[in-house]
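Each chain, letter by letter, is given below.
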Amino acid sequence: MSPLPLLPQPQSVLTDPEVTFPLDQPLRLEVDESLRLVVEVPLAEFLTASGAELTPDASRTIALQIEPDGWENPSPEAYRIRVEADRVQLSAPTDLGIIRALATLVQLVEDGHLPGVEIDDAPRFTWRGLTLDVARSFFPPNEVKQVIDLLARYKFNRLHLHLSDDQGWRLEVPSHPELTEISGPTAIAGGRGGFYTQAEFADLVGYAEARGIDVIPELDVPGHTNAATHACPELNPDGQPTDAYDGMQVGFSRLHAALPATREFLQSVFADAAEQTESAYLHLGGDEALALESDEYVQLVGEAVHAVLATGKEIVGWQEIAQAALPPGSVVQFWDGRSGTEAVVQAAQRGALVVMSPAEHTYLDLKYDQSTELGQDWAGYVELSDSYRWEPTRVIEGLDPRAVVGVEAAIWTETIHSLEGLMVMLLPRLAGVAEVAWTEELNWESFTRRVAAQTSWWEGRQWPYHRSAGVSWPTPQAELG
Ligand code: TNX
């Protein structure tokens, strides 16, 4: 028997083939008053996907309930679903759990009914994210919203937006309007320029929040800063703006610890970014500052840490920041196994948490194989099986597994300049990362069958996907005519 097309796989699924719940007859909604607003978006999605209609006097019920106590797993995202012949019951300890339950319910919809089932679920990791690089090439709000839809479907809870780099600055910051005026329109050669106004960014944050996703803004310092030094000449020792940059090299740009403008810049841009997110975190970048000596790097990361803490937010940064002093609870995002792993182990011993983004498994801008049109290959190829077959707590030798709080995929956009390009790189590999992040017991055979069942939704959204090896993909709907 084929597994139910649930992705990520819940921790426990018990089906009852004797039971089905019809969706072609009206339903009565029973919902805690406190939940009504919170569940609006995912509930509407379920109703659209199922074709079900709500009427107050229907005999069959769908019930959404907060149950504060009695959960074995302490996660706020835990939930339970029970589908009986005349009642569907979703319960969770928090609003967020109900949102995750509705994401599962959408996936349970079969032709005109729901199968009889009892699901008990909770995530393995608390941090399940995607880094989206909108700095090399800009992605307008309506496209980012489609990425958020995808993340919500597969129960991710973090969208980390890489908002500044050498090629462009994408977030409007009131303290320095020249950043987006001058470095908003620029981009990598072939990519799109643009930026999010404060209103557009607030709208994205709200869109994500309604789907249980936290938006974490990243302003990358003290390297990857050419868009800033191009727009703000006071950040350069000679007081002259650097040239706009549309190339692909990394590591040449930098801030200067000795310039008084640097501290002012860090304090004001992080304060402005903090104002624009609900997240508890700000990401300060910190990667590949190859033009800086180690002392000055540590000093500048210290300034950035200070600036972020002054906003009341907590720190996230790329693994290189492990060299600097970090307050306990700071999150270090591991990406590169070639160097610096010892510093990550030591930072964890001092209380840092680690999010795993190993390039060979989670960098979804890397090519699938030699025939992939888009993407890079600096860490080799990443096929679907690579995105699925790895163990986050065993990536770094000597790292205390309890320090690993999660998994984050990343997509860099040096070569990816359209929504279609983005989707063909994300799909299907994002599903692999989603399951590693959520599910305790992985099973490649079962995964390949469930991932193949996702294509009708992807095709319905007109998202292209890569027909990765090892999966029996259905015939595309377009070819069925
Ligand atoms: C490394 S990952 C980078 C990015 C590139 C990416 C390309 C990281 C923290 N830095 O600047 O875009 O490789 O795959």
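Going by the structure above, here's the rest.
A quick note: this is a predicted structure, and the numbers were derived from the prediction, not measured. (Residues numbered from 1 in each chain as written. Predicted model: local features only at pLDDT ≥ 70, side-chain atom pairs only at ≥ 80, totals over all residues. Heavy atoms only, no water.)

## Focus on the packing of helix α13 (residues 429-438) against helix α14 (residues 444-452)
Two measures define how a pair of helices packs: the angle their axes make with one another and the distance between the axes.
So, step 1. The contact between α13 and α14 brings their axes to 11 Å, and the two run at 130°. Taken together, α13 and α14 sit at an angle that is classed as oblique. When the axes of α13 and α14 are compared, the crossing they make is right-handed. Here Ala-431, Gly-432 and Glu-435 of α13 lie close against α14, whose contacting residues are Phe-447, Arg-450 and Val-451.
So, step 2. Considered class by class, the residues forming the contact of α13 with α14 number three nonpolar, one polar and two charged. (Axes fitted to C-alpha atoms, helices over the stretch in contact; angles between N-to-C directions. Helix = DSSP H or I, 4+ residues; strand = E, 2+ residues; numbered from the N terminus. Parallel < 35°, antiparallel > 145°, perpendicular 65-115°, else oblique. Left-handed = near helix turned anticlockwise from the far one by under 90°. Contact = heavy atoms within 4.5 Å. Nonpolar A, V, L, I, M, F, W, Y, C, P; charged D, E, K, R; others polar.)

## A few points about helix α1 (residues 40-50)
So, step 1. The set of residues buried in α1 consists of Pro-42, Leu-43, Phe-46, Leu-47 and Ser-50. All buried residues of α1 project into a common sector of 140° when viewed along the axis, lining one side.
So, step 2. Of the surrounding elements, those touching the buried residues of α1 are β2 (27-31), β3 (60-66), α2 (95-108) and β6 (113-121).
So, step 3. Where α1 terminates, the next one or two residues include Gly-51, which has phi positive at roughly 75°. (Buried < 20%, exposed > 50% of the residue type's maximum accessible area, 1.4 Å probe, protein only. Arc of directions from axis to C-beta.)

## Regarding the pattern of salt bridges
So, step 1. Counting across every chain of the model gives 21 salt bridges.
So, step 2. A salt bridge links Glu-414 to Arg-136; the nearest nitrogen and oxygen atoms lie 3.4 Å apart. Of the two residues, Glu-414 is situated in the loop between β14 (404-411) and α12 (419-426) and Arg-136 in the loop between β7 (127-133) and α3 (141-153); the sequence distance between them amounts to 278 residues. Taken as a pair, Glu-414 and Arg-136 share a single burial class, namely buried.
So, step 3. Residues joined by salt bridges that share partners form a network here, namely Asp-133, Arg-136, Asp-165 and Glu-414. (Salt bridge = Lys/Arg side-chain N within 4 Å of Asp/Glu carboxyl O.)

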